[in-house]
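An overview of the molecular structure
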Amino acid sequence: MGIERNWAGNLTYRASRLEHPSSIDELRSLLAQGGPVRLSGSRHSFNDLADTDGVLIALDALPPVFEVNEARDAVRVSGALRYGDVAPLLQAEGLALANLASLPHISIAGTVATGTHGSGDALGSLASAVRALTIITPAGETRTLTRGEDDFAGAVVSLGALGAVVDVTLDVEPTYDVAQHVFEHPDWDAILAQFDEVTGVGTSVSIFSTWQRTDIADQIWVKQRLPEAHEAARESLFERLGAEAAAGKRHPILGVDPVACTEQQGEAGPWSQRLPHFRLEFTPSAGAEIQSEYLVPRADAVAAIQAVRQLAGQIAPLLLVNEIRTVRADDLWLSSSYETDAVGIHFTWKPEEAAVRALLPAIEAALPPTARPHWGKVFTLDGAEVRSRYPRFDDFAALAARFDPERRLVNPYLERLGL
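So, how was this worked out
- For every chain, the first residue of its written sequence is number 1, and the numbers climb from 1 along that sequence.
- Per-residue local features of the predicted model are confined to residues with pLDDT of at least 70, and side-chain atom pairs are confined, for both listing and counting, to 80 or more; whole-chain, interface and lining totals are unaffected and use all residues.
- Hydrogen atoms and water are omitted, and side-chain values are computed over all heavy atoms in the structure.
- Elements are defined by DSSP. Helices are runs of H or I of four residues or more, strands are runs of E of two residues or more, and each kind is numbered from the N terminus.
- The buried label applies to any residue whose accessible area, calculated with a 1.4 Å probe on protein chains only, is under 20% of its type's maximum; exposed applies above 50%, and partly exposed to all values in between.
- Note on contacts: a residue pair qualifies if any of its non-hydrogen atoms lie within 4.5 Å across the two residues.
- Values of accessible area rely on a 1.4 Å probe in the Shrake-Rupley scheme; residue burial ignores everything except the protein chains shown.
- For the purpose of counting charges, residues Lys and Arg are taken to be positive, whereas Asp and Glu are taken to be negative. His and the chain ends are not included.
- The atom standing in for a charge is NZ when the residue is Lys, CZ when it is Arg, CG when it is Asp and CD when it is Glu.
- Directions pointing from the helix axis toward each C-beta atom define the arc.
- To form a nonpolar core, buried Ala, Val, Leu, Ile, Met, Phe, Trp, Tyr and Cys residues must be joined to one another through side-chain atoms within 4.5 Å.
- Pairing of aromatic side chains here covers Phe, Tyr and the six-membered ring of Trp, requires ring centres within 6.5 Å, and sorts the geometry by plane angle: under 30 degrees stacked, over 60 edge-to-face, intermediate tilted.
- Charge over a ring is defined by NZ of Lys or CZ of Arg lying within 6 Å of the ring centre and within 35 degrees of the ring normal.
- When DSSP locates at least two bridges between a pair of strands, those strands are taken to pair.
- The axes used here are C-alpha line fits, helices contributing only the stretch in contact, and every angle between their N-to-C directions lies in the interval 0 to 180 degrees.
- Salt bridge criterion: a side-chain nitrogen from Lys or Arg within 4 Å of a carboxyl oxygen from Asp or Glu.

**Observations regarding the overall build of the protein**
- Regarding its fold elements, the protein presents 13 helices and 19 strands.
- Expressed along its principal axes, the backbone C-alpha trace of the protein runs to roughly 60 × 50 × 40 Å.
- Across the 419 residues of the protein, 59% fall into the buried class.
- In the protein, the proportion of contacts linking residues at least 24 apart, taken out of those at least 6 apart, comes to 72%.
- Summing over all exposed atoms, the protein offers an accessible surface of approximately 15,700 Å²; the carbon and sulfur share of this is 50%.
- In the protein, 36 side chains carry a positive charge and 56 a negative one; their mean positions are 2 Å apart.

Listed below in structure tokens is the structure:
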């Protein structure tokens, strides 16, 4: 079928064939053939969200779209484009996105559909930047939804359950520079005692730990929009945390060559070259890893981190690195930050999926019952429990039934969620 596995190599697709339509008419023709169908993005999901035993359709051969609007506050782009493809085009226009994920290698439509996010107390998930989107339904109908319309908030984080997202309109702003600083060996008790101050000390803040030790974290990465407004406060805070500035460039995983990482040590650069952790021109890893993530309301964050800390002895042997980051609340029905500022607890695991899946129930039981698993990563909570954590899930199910009444987009993943 031309492609058999996801990026991480932990999933083999069951699809009968993979298609790359080169036009909207060809896409409609493929959809008209009937039978089960799913859409493929950049294959960075670590579970079977995009899998099907029917036809898998990738949109990467459609003609690329990049159109800045007259007001220069929005851009319409192809859903299949990667953020790393769009960023230099925006930079050339003197424009920028407010946020980016740690990887620029992920497709816009897939990122949005799974509620994938970057980091920042004041920054929403990447889906929150969506102003409009165009969907081709399984019946071949074109639906354009715009922010403020009744169905819009349900259609953005869609899990691929509504159709093929062929283009997305994103909010943009004038370009800006960012500087990135790394601090090492901060004290965990001090971090948790001053958690709001720690995550608010920069535009984007990530706390990394291998949990080999429970008294100190490994690193804190601080990305700050320029001109810096918090330099003195940042230095004072990290002195109180017992941390020191890194003497050189670092990778999130201790001991790994940082060549693939974006520049650090306060060297200013465009937003697109600092907000991600990794550079587009490098594959950030061999892909041989598993990822899980749970997002909890900010009010539950310290308790959730303490719960993970208590399980450090079980977690550390399977862990490459744990990252903690923040996301601003939004109103998107299936967003993990729906109606709550959220804190993400992200695990990058060694490629030992059976052992990871055996451990996850203990982590899920220890976390507050408000924790929402990332849609595109590995979790073991059952569908009913996941549904219960989204107040608008039934509304989403009704929306999906209207867009796909024959349930052709429903695969085993969506069936587990009750769709």
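**Observations concerning the environment of Ala312**
- The residue Ala312 is located in helix H9 (residues 312-315) in this model.
- Residue Ala312 is classed as buried on the basis of its relative accessible area, which comes to 4%.
- Along the backbone, Ala312 and Thr210 are 102 residues apart, and their C-alpha atoms lie at a distance of 8.7 Å.

**Focus: helix H2 (residues 83-92)**
- Restricting attention to buried positions, one finds in H2 the residues Tyr83, Gly84, Val86, Ala87 and Leu90. What you see down the axis of H2 is that its buried residues fit within an arc of 155°, all on one side.
- Those residues of H2 that are buried are in contact with strand E4 (66-68), strand E5 (74-78), strand E6 (95-96) and helix H3 (108-113).
- A positive phi of about 75° marks Gly94, the residue just after H2.

**Description of the nonpolar core**
- Membership of the largest hydrophobic core comes to 104 residues, with the highest contact counts inside it found for Trp271, Ile315, Trp349, Ile363 and Trp375.
- Of the residues forming this core, the biggest block, 5 residues, is contributed by helix H12 (residues 393-403).
- Aside from chain neighbours lying at most four places away, what touches Ile363 is Tyr294, Leu311, Ile315, Phe347 and Trp349.
- The next biggest cluster of nonpolar side chains, apart from the first, holds 13 residues, and it includes Leu31, Leu39, Leu59 and Leu409.

**What about the packing of aromatic side chains?**
- Under the counting rule described, the total for this entry stands at 8 aromatic pairs.
- Look at Trp7 and Phe46: their rings are 6.0 Å apart centre to centre, the planes differ by 90°, and that puts the pair in the edge-to-face class. Separated by 39 residues along the polypeptide, Trp7 in the segment before strand E1 (17-19) and Phe46 in the loop between strand E2 (37-40) and strand E3 (55-58) bring together distant segments of the chain.
- A relative accessible area of 2% places Phe46 in the buried class.
- Over the ring of Phe403 we find Arg143, and its NZ or CZ is 4.5 Å from the ring centre.
- The cationic tip of Arg225 hangs over the ring face of Tyr176; the distance from NZ or CZ to the ring centre is 3.5 Å.

**Points about the sheet that holds strand E9 (residues 164-171)**
- In spatial order, the strands read E4-E5-E9-E7-E8; together these 5 strands make up an open sheet with antiparallel pairing. Only two strands of the sheet have a single neighbouring strand rather than two, namely E4 and strand E8 (142-146). Looking at each pair of strands side by side, their axes are set apart by 15° on average, direction ignored.
- Pairing of strand E7 (residues 130-136) with E9 involves 6 bridges; the strand directions are antiparallel. By the bridge assignment for E9, Val130 is matched with Leu170.
- Packing of helix H1 (residues 24-32) onto the sheet brings it into contact with E7, E8 and E9, and relative to E7 it is tilted by some 55°.

**Here's the deal with the sheet that holds E2**
- In space, the 3 strands of this open sheet follow the order E1-E3-E2, with parallel pairing throughout. Strands with a single pairing partner mark the edges of an open sheet, and in this sheet they are E1 and E2. Across this sheet, the average inter-strand angle for adjacent strands is 30°, counted without regard to direction.
- Judged from the 4 bridges that link them, E2 and E3 form a sheet pairing that is parallel. Paired with Ser40 across the strands is Ala58, a residue of E3.
- Its contacts with the sheet put H1 on E1, E2 and E3, and the angle it makes with E3 is roughly 165°.

**Examining the pairing of E9**
- Burial runs high along E9: 7 of the 8 residues are buried.
- Relative to E9, E5 is paired through 5 bridges, and the arrangement is antiparallel. Across the sheet, residue Ser78 finds its bridge partner in E9, namely Asp167.

**Here we look at the environment of Val68**
- Among the secondary structure elements, Val68 is positioned in strand E4.
- Val68 gets classed as partly exposed once you look at its relative accessible area, which sits at 24%.
- Residues Val68 and Leu95, 27 residues apart in the sequence, show an inter-C-alpha distance of 9.4 Å.

**A short note on the pattern of salt bridges**
- By the definition in use, this model includes 30 salt bridges.
- A salt bridge links Arg357 to Glu353, with the nearest nitrogen and oxygen atoms 2.9 Å apart. Taken as a pair, Arg357 and Glu353 lie in helix H10 (residues 353-366) at a separation of 4 residues, close to a single helical turn.
- Taking the relative accessible area as the measure of exposure, Arg357 reaches 34% and is therefore partly exposed.

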